[in-house]
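Tertiary structure, described
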Protein chains: 2
Amino acid sequence: MSSQPPVIILVRPQLGQNIGKAARAMLNFGLTEMRLVAPRDGWPNPEAGPAASGADVVLEDAKVFDTTAEAIADCNIVYASTVRRRDLVMPVVGPEEMASAIRSTAGRAAILFGPERSGLETEDVGLANGIVTVPINPQFGSLNLAQAVILLAYEWARSADLAQPTAKETEPPAAMAELERLIGQLDVALQEADYFHPPERTQVTRSTLRTILTKAQWSSREIQALRGVVRALSVAKKVKR
Amino acid sequence: MSSQPPVIILVRPQLGQNIGKAARAMLNFGLTEMRLVAPRDGWPNPEAGPAASGADVVLEDAKVFDTTAEAIADCNIVYASTVRRRDLVMPVVGPEEMASAIRSTAGRAAILFGPERSGLETEDVGLANGIVTVPINPQFGSLNLAQAVILLAYEWARSADLAQPTAKETEPPAAMAELERLIGQLDVALQEADYFHPPERTQVTRSTLRTILTKAQWSSREIQALRGVVRALSVAKKVKR
């Protein structure tokens, strides 16, 4: 059970004003930890403060990262806020389901939001455990960044009242950085085994494998076990060769 | 049971821009009926359209009234969106309770919102059946008009069965027999690779791996992909060649 509010990660945000509005939306529901991945106009941004309407503490503590992978490295469960993606097969949940998943997962949660104009890129979404989609009017879907943030922040806060203190004693998912090491190790082993062919399919195959491995939300101990499996198989293969 | 969306009534709104943003927030969750009570800058207001980001239909159909009483005359249940009022003894509900009250009341519902700066006057609130208050951070309550509208509109939409994305687009987990084949294949590969040692730990290790692989609830397609991975890495394949 986690009562730690999720980290809000803005990936390549464009306008400082929108970063400020997002900070305000966060603080309204008690979320204080913001991370910025490669903000377009650098950081700090003088336009963010006035738009935050007093939520300066969120902006002052905001941390900047070069890549999404670095920004989520210490997080245990990650949702990508985006519309349904045809290009990715991964779990899609509503805000309520996301909030209860975060509540029932030990460790640190994060929610990714994409640039205002274009939304999250496929590779950013692929790093997450699932997609969270706000069920908006199919004839008029026009949520801006701060609105998306406030709805998910609200839902997280709302889930506090509903949260049952019946924690399952399962191990928390490993930090994303650990998963990343497993994926990297498997990738090397598969390259050595000539798994990736034809070359033009390599990216799709990699992204499929990433989804498969991310989905499981393995604990640190489980990831260690799997790394042992990959090591055993790849070493044995080299020896036999 | 009413499935008619509530009417959104802006009482003495100040900025055209905020009226536009409120319209956009409404339409995102399928609310289309807006009423304006004595808008400060008259109506229509040229600043509303651009801020509505395409929700023009809401603005075009908006009706203007001189008084709040007239604006709610045809409504059957009315909530006033405001903070808790010491000066009035009336029911105070949260957004969710409001939504379910609206759903279970036949006829037309309305939600009142006050001017941006000052909020609703006592006499306006007194016309309502109850107060609806969004439970925000007591240390930082700073909801703007459009944010208050979107949260209540969202909660209304959420209260419908349609509001949550019910149709999961993820593939169903594979039949257990398929998973069994993956586990069996991996087991053979690991034996070939001398992974299981010391022998007395073999059963525990096997059971750990089974838990790890079962947990993920992979689809049939995902299991096929993983069988390909094991095949690529496995020694047995090379030996058989």
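Above this text is the structure in question.
Residues numbered from 1 in each chain as written. Chains lettered and ligands numbered in written order. Predicted model: local features only at pLDDT ≥ 70, side-chain atom pairs only at ≥ 80, totals over all residues. Heavy atoms only, no water.

**Here's the deal with the pairing of strand 2 (residues 34-37) of chain A**
All names here are of chain A. This is how it is decided: Per-residue accessibility, obtained with a 1.4 Å probe over protein chains only, is compared with the maximum for each type, and a residue is labelled buried under 20%, exposed over 50%, and partly exposed between these values. Labels follow the DSSP assignment, with helices taken as runs of H or I lasting at least four residues and strands as runs of E lasting at least two, numbered in each case from the N terminus. Two strands qualify as a pair provided that DSSP identifies no fewer than 2 bridges between them. By definition, the crossover connecting two strands over a helix is right-handed if that path, from the first strand to the second, turns clockwise as seen with the strands pointing away from the viewer.
Because side chains alternate across strand 2, one face comprises the buried residues Met-34 and Leu-36, and the other comprises Arg-35 and Val-37, equally buried. Bridging between strand 1 (residues 7-11) and strand 2 involves 4 bridges; their strand directions are parallel. When the bridges of strand 2 are listed, Ile-8 appears paired with Met-34. Chirality of the crossover, the property in question, places the unit of strand 1, helix 1 (residues 16-28) and strand 2 among those that are right-handed. Across 3 bridges, the pairing between strand 2 and strand 3 (residues 63-65) is parallel. Counterpart to Arg-35 in the pairing with strand 3 is Lys-63.

**Examining the environment of A:Asn45**
Residue and element names in this part refer to chain A. Rules: Under the rule applied, a polar contact is a pair of N or O atoms within 3.5 Å (in protein, one hydrogen donor and one hydrogen acceptor; residues adjacent in sequence only if both atoms are side-chain atoms).
With respect to the helices and strands, Asn-45 occurs in the loop between strand 2 and helix 2 (48-51). Residue classification places Asn-45 among the buried positions, given a relative accessible area of 11%. The spacing of Asn-45 and Gln-17 is 28 residues in sequence and 8.6 Å in space, taken between C-alpha atoms. In terms of polar contacts, Asn-45 uses its side chain to reach the backbone amide nitrogen of Glu-47, at 2.9 Å.

**Considering the side chain of A:Arg158**
To keep things clear, this is the line we draw: Here a residue-residue contact requires only that any non-hydrogen atoms of the pair lie within 4.5 Å.
Tracing the sequence through the fold places A:Arg158 in helix 7 (residues 145-162). Only 2.7 Å separates the side chain of A:Arg158 from the side chain of A:Glu155, close enough to count as a polar contact. Beyond its immediate chain neighbours, meaning those up to four positions away, A:Arg158 contacts A:Glu96, B:Glu96, B:Glu155 and B:Arg158.

**Things to note about the layout of surface pockets**
Selection rule: Here a cavity means grid points, on a 1 Å grid over the protein atoms only, where a 1.4 Å probe fits yet cannot get out; a pocket means an open set of points with protein on both sides within 12 Å along at least five of seven lines; lining residues are those with an atom within 4 Å of a point. Grid points are joined across faces, edges and corners, and a volume is the space filled by probe spheres set on the points. All residues other than Ala, Val, Leu, Ile, Met, Phe, Trp, Tyr, Cys, Pro, Asp, Glu, Lys and Arg, Gly among them, are scored as polar; the first ten of these are nonpolar and the last four charged.
Each pocket or cavity is described by its volume, and for the second largest pocket that value is around 1,000 Å³. Contributing to the lining of the second largest pocket are 40 residues, with A:Val83, A:Thr133, A:Val134, A:Ile136 and A:Leu143 lying nearest its centre. Counting residues per element, the ones that place at least two in the lining of the second largest pocket are helix 7 of chain A together with helix 1 (16-28) and helix 7 (145-158) of chain B. Residue classes in the lining of the second largest pocket are distributed as 20 nonpolar, 14 polar and 6 charged.

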